[in-house]
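One letter stands for each residue in the lines below.
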Amino acid sequence: MTDAAELLGLTRKLLAAYPPATTHRADFLKARFDAGLAWVHFPEGLGGLGAPRSLQAVVDAELAAAGAPDNDPRRIGIGLGMAAPTILKYGSQDVKERFLRPLWTGEEVWCQLFSEPGAGSDLAALGTRAVRDEATGDWVVDGQKVWTSSAHVARWAILIARTDPDLPKHRGITYFVCDMTDPGVEVRPLRQITGEAEFNEVFLTGVRIPDAHRLGEVGEGWKVAQTTLNNERVAIGGMRLPREGGMIGPIARTWRERPELRTHDLHQRLLTLWVEAEVSRLAGERLRQQLVVGQPGPEGSAMKLAFARLNQEISGLEVELRGEEGLMYDDWTMRRPELVDFTGRDAGYRYLRSKGNSIEGGTTEVLLNIVAERVLGLPAEPRNDKDVAWKDLAR
């Protein structure tokens, strides 16, 4: 399936069989997946048709024009942007068939159990243990994860755990799919500077994971995790936006609608950030074009770096532009939201929430190293832990 006209015909056939105006949302999404129009570049039977990734835009435009429902991608972004490409690349056929459909339709929300309080930015130093139960073949997991978005609503999680402490830290890790309803999983909210708790800490005590839910080979979890992390950074920093989409939109509207707030200095700074936001948006379009012919690489780290810096600078300028109004905040109520709404809240929320952009999805310091070493080809920083067993590392 490589022809746009043929793909358009299939989309119209779907719309005729399941009219959006009279079809239940869940039924329409399931039918779309089964028709291969969810991810057209995925294999047949797994939501796709083996078509070029670029043809997804043909399907999306036709469905949007017909008023068809989407799968609420902001709510299920971790599943779509991180779990799905990893499952597709490393999961068994049974795993792909079990998880991809409810993941895409939004029936099952996913979270990511990677970061740990004792590892900081050095993800490979993680200490959560997974021990094989030789009697059943299951893995028994014990440990703690932190900064886990959506853990309070997630049905499944992608998890990395240490399976061999006698190997160096990057080589003794294995990657799993974890059932968040297991009785050994405890989710506790982490209240943020915004007053909300969209993040969580997760405690794992005797959690049993069948070996069938392992992604990749034992001990190769770090390799598998690179697929997740590269896709994560593209999902965060390279999202598709219209002109003046994202954080630059609210401040641009305020500038046009509130001439009494304008000063020459603010004008110059806003012009600079507007241009940088547009450059970043167009660079994201180019990155998505590169994805058509391959897997995401380290370029996604550069996009995520730009995303974090721009969000923080734009939101800071917006607070300054609004003056006393910018210091106001709509609601400090403790909530556990399902998604982050940057543009639907006030300037105070955007300013506070954007502080996390330089931490989530890889800290700015880590991403700068990735860009330096893998994009610019600069020499890596000296390491004294490369060949040391994880159990012998100082902690």
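Above this text sits the structure in question.
To start, this report covers the structure provided alongside it. (Residues numbered from 1 in each chain as written. Predicted model: local features only at pLDDT ≥ 70, side-chain atom pairs only at ≥ 80, totals over all residues. Heavy atoms only, no water.)

1. Structural notes on the packing of helix H2 (residues 25-34) against helix H5 (residues 93-105)
At their nearest, the axes of H2 and H5 sit 9 Å apart, and the two run at 135° to each other. What the angle tells us is that H2 and H5 run oblique. Like other packed secondary-structure pairs, H2 and H5 cross with a definite hand, here right-handed. Together, Leu29, Lys30, Arg32, Phe33 and Asp34 of H2 and Leu100, Arg101, Trp104 and Thr105 of H5 make up the contact between the two elements. Broken down by class, the residue content of the contact of H2 with H5 amounts to four nonpolar, one polar and four charged. (Axes fitted to C-alpha atoms, helices over the stretch in contact; angles between N-to-C directions. Helix = DSSP H or I, 4+ residues; strand = E, 2+ residues; numbered from the N terminus. Parallel < 35°, antiparallel > 145°, perpendicular 65-115°, else oblique. Left-handed = near helix turned anticlockwise from the far one by under 90°. Contact = heavy atoms within 4.5 Å. Nonpolar A, V, L, I, M, F, W, Y, C, P; charged D, E, K, R; others polar.)

2. Some words on the nonpolar core
Of all hydrophobic cores here, the largest spans 34 residues; its most connected members are Trp39, Ile87 and Trp110. Looking at this core element by element, the count peaks at seven residues for helix H4 (residues 77-90). Once you skip the residues sitting within four places of it in the chain, Trp39 turns out to touch Phe33, Leu46, Gly47, Gly48, Leu49, Gln56, Leu80, Ala84, Leu100, Leu103 and Trp104. If you look at the next biggest cluster of nonpolar residues, it comprises 18 residues, including Ala151, Leu159, Ala161 and Val185. (Core = buried A, V, L, I, M, F, W, Y, C linked by side-chain atoms within 4.5 Å. Buried < 20%, exposed > 50% of the residue type's maximum accessible area, 1.4 Å probe, protein only.)

3. Thoughts on the environment of Arg240
With respect to the secondary-structure elements, Arg240 resides in the loop between helix H6 (221-237) and helix H7 (248-257). Here Arg240 falls in the exposed class, since its relative accessible area comes to 57%. Those residues in contact with Arg240 that sit more than four places away from it in its chain are Glu285 and Arg288.

4. Some words on the state of the cysteines
Following the criterion strictly, the structure yields zero disulfides and no others. Of all cysteine sulfurs, the one in Cys178 lies closest to Cys111, which takes part in no disulfide; the gap is 7.7 Å. Relative accessible area serves as the criterion here: at 1%, Cys178 is assigned to the buried category. (Disulfide = S-S within 2.5 Å.)

5. Quick notes on the packing of aromatic side chains
Under the criterion given, the structure shown has 10 aromatic pairs. Taken together, a centroid distance of 6.4 Å and an interplanar angle of 45° make the contact between Phe33 and Trp104 tilted. Placement of Phe33 in helix H2 and of Trp104 in helix H5 is noted, with a sequence separation of 71 residues between them. The exposure class assigned to Phe33 is buried, which follows from its relative accessible area of 5%. (Phe/Tyr/Trp six-rings, centres within 6.5 Å; stacked < 30°, edge-to-face > 60°.)

6. A closer look at the pairing of strand S7 (residues 199-209)
Extensive coverage of S7 is indicated by the burial of eight of its 11 residues. The pairing of strand S3 (residues 139-145) with S7 spans six bridges and is antiparallel. In the sheet register, Gln144 faces S7, and the bridge partner there is Phe203. By the bridge criterion, six bridges tie strand S6 (residues 185-190) to S7 in an arrangement that is antiparallel. Across the sheet, residue Pro189 finds its bridge partner in S7, namely Asn200. (Pairing = 2+ DSSP bridges.)

7. Considerations on the side chain of Thr105
Along the chain, Thr105 turns up in helix H5. With a relative accessible area of 6%, Thr105 lands in the buried category. Side-chain polar atoms of Thr105 contact the backbone oxygen of Pro102, separated by 3.4 Å. Among the polar contacts listed, one links the side chain of Thr105 to the side chain of Glu107, at a separation of 2.6 Å. Excluding its chain neighbours within four sequence positions, the residues that come into contact with Thr105 are Leu29, Lys30 and Asn71. (Polar contact = N/O pair within 3.5 Å; in protein donor to acceptor, adjacent residues only side chain to side chain.)

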